[in-house]
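Here is how the chains run, residue by residue.
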Amino acid sequence: MEHLISLKEWSPEKIRAVLDLAMDVKIHPEEYASVMNAKTLLMIFEKPSLRTRLSFEAGMTQMGGHAIYYNTSTSPMGSGKETISDSVKTASRFIDIIMARLFKHEDLLEMAEYATVPVINALTDDSHPCQILADLQAIEEKKGRLAGLKLAYLGDGFNNVTHSLMYGGTKMGMHVSVGSPAGKDYSPRTDVVADCKQFSKESGGSIFVTDNAIEAIKEADVVYTDSWMSYHIPKDQEAARIAKFMPYQVNAELMAHAKPDSIFMNCLPANRGCEQTADVIDGPQSIVFDEAENRLHAQKAVILTLCGSV
Ligand code: CP
Ligand code: NVA
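So, here's what we can say about the structure. (Residues numbered from 1 in each chain as written. Chains lettered and ligands numbered in written order. Predicted model: local features only at pLDDT ≥ 70, side-chain atom pairs only at ≥ 80, totals over all residues. Heavy atoms only, no water.)

Here's the deal with the site of ligand 1
Inspection of the region around ligand 1 gives Ser49, Leu50, Arg51, Thr52, Arg101, His128, Gln131, Tyr231, Cys267, Leu268 and Arg295 as its neighbouring residues. Contacts to ligand 1 include leucine 50, whose backbone N or O atom sits 2.7 Å from an oxygen atom. Contact with the protein chains removes 98% of the 260 Å² of surface that ligand 1 exposes when unbound. (Near = heavy atom within 4 Å. Polar contact = N/O pair within 3.5 Å; in protein donor to acceptor, adjacent residues only side chain to side chain. Areas by Shrake-Rupley, 256 points an atom, 1.4 Å probe, with all protein chains shown as cover.)

Written out as structure tokens, the structure reads:
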């Protein structure tokens, strides 16, 4: 049984195949209009979502299948009345594929262990691989390639999107630089950095982590940021985090250090005035809505791959 738990486990060849399929699905959606006929996706949510829920659900509809939105706040699993293993073993008897957006990554691993259908990570506190597949597709569309490009991530380095971006970028031969405050609560996990060094050796890419925002963004082809207040961060940390991350805010002054033809990305939701200013996210270099759209195409490609429908 194949799952999408993290891009760490996916080979560059696998990522390449899914990106190619995502492009074909995007260009020829009519050819995939019935490939998931009579198939059902279970969508388990512990956290809020706009893009993930809509793109997975619309994607299944467009491929002739069906998606069930299942919020754990109204389930026996969420209230602790039923174990994760019993829940997914049961669900696997009704449905064909599961996606889950959870707090604890270990809970996702447990789902994958006991489900008898494929499981997709739709974001945990650890990682967000679906987002990064869509991002890589968007970068390739805009820049014509991935390998050799400099991708600079600014802001919260101890972050699910950052870690997945580091995995995906280095696996595809990109030069990934992360500019974030020093300290284990703000900079990328050391095990992720170590893994990405190894992936870079194999792909010709590189990984570079610094607390110097200008050094991180210098001559970047792609500038990326994410919320400073991820879904799992308690509200009472907001003021302290804003103060900590403000030197990494992507504004016009910082963008001036990237290449003039650089593109700006944010997985969204975005907070104007925090991780980037309004002029950047609403300006000509921003591709955030093309990026968001690709969630639909990339996830269709993931579903088809894991279900063996291509
Ligand atoms: N980027 C992303 O996953 O958005 P949602 O939280 O709206 O799903
Ligand atoms: N890092 C963010 C991503 C949201 C899509 C979060 O976990 O909330």
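After that view, the rundown keeps rolling.
Structural notes on the sheet that holds strand S4 (residues 119-121)
On the basis of which strands lie adjacent, the open sheet formed by four strands has the order S2-S1-S3-S4 and parallel pairing. Only two strands of the sheet have a single neighbouring strand rather than two, namely strand S2 (66-71) and S4. Here the average twist between neighbouring strands, direction ignored, is 20 degrees. Pairing of strand S1 (residues 40-45) with S2 involves six bridges; the strand directions are parallel. Counted as the bridge partner of methionine 43 is tyrosine 69 from S2. Most of the contacts of helix H12 (residues 288-306) go to S4, to which it runs at about 150 degrees, and overall it touches S1, strand S3 (97-101) and S4. (Pairing = 2+ DSSP bridges. Helix = DSSP H or I, 4+ residues; strand = E, 2+ residues; numbered from the N terminus. Axes fitted to C-alpha atoms, helices over the stretch in contact; angles between N-to-C directions. Contact = heavy atoms within 4.5 Å.)

Concerning the nonpolar core
By size, the foremost hydrophobic cluster in this structure holds 58 residues, and its most contacted members are Leu4, Leu41, Phe56, Ile120, Leu133, Ile139 and Ile303. Excluding residues that lie within four positions of it along the chain, leucine 4 makes contacts with Trp10, Val119, Ile120, Asn121, Pro129, Cys130, Leu133, Val302 and Leu306. Ranked by size, the runner-up nonpolar core spans 18 residues in total, among them Ala213, Ala216, Ala220 and Val280. (Core = buried A, V, L, I, M, F, W, Y, C linked by side-chain atoms within 4.5 Å. Buried < 20%, exposed > 50% of the residue type's maximum accessible area, 1.4 Å probe, protein only.)

Quick look at helix H6 (residues 160-171)
For H6, spanning twelve residues, the distance from its first C-alpha to its last is 17 Å, which sits close to the expected 16 Å at 1.5 Å a residue. Counting buried positions along H6 yields twelve of twelve residues, so the element is predominantly enclosed. Listed as buried for H6 are Asn160, Val161, Thr162, His163, Ser164, Leu165, Met166, Tyr167, Gly168, Gly169, Thr170 and Lys171. Looking at the residues trailing H6, positive phi occurs at glycine 173, about 80 degrees. (Expected span 1.5 Å × (residues − 1).)

Regarding the pattern of salt bridges
Under the counting rule described, the total for this entry stands at 16 salt bridges. One salt bridge in this structure joins lysine 142 and aspartate 290, with 2.8 Å as the shortest N-O distance. Of this pair, lysine 142 sits in helix H5 (residues 129-143) while aspartate 290 sits in helix H12, and the two are 148 residues apart along the sequence. On the basis of relative accessibility, which here comes to 40%, the residue lysine 142 falls in the partly exposed class. Between aspartate 185 and lysine 184 there is a salt bridge, with the nearest N and O atoms lying 3.4 Å from each other. Its relative accessible area of 43% is what places aspartate 185 among the partly exposed residues. Ionic contacts of the salt-bridge type, sharing partners, join the residues Arg16, Asp20 and Glu140 into one network. (Salt bridge = Lys/Arg side-chain N within 4 Å of Asp/Glu carboxyl O.)

Some thoughts on the site of ligand 2
The environment of ligand 2 is formed by Leu123, Asn159, Asn160, Val161, Asp226, Ser230, Tyr231 and Leu268. Side-chain polar atom of asparagine 160 to a nitrogen atom of ligand 2: 2.8 Å apart, as the coordinates give it. The separation between a nitrogen atom of ligand 2 and a polar side-chain atom of serine 230 is 2.7 Å. Coverage of ligand 2 by the protein amounts to 97% of the 270 Å² it exposes when considered alone. The class makeup of the residues in the shell around ligand 2 is four nonpolar, three polar and one charged. (Nonpolar A, V, L, I, M, F, W, Y, C, P; charged D, E, K, R; others polar.)

Bear in mind that shape data such as this cannot, by itself, settle questions of function.
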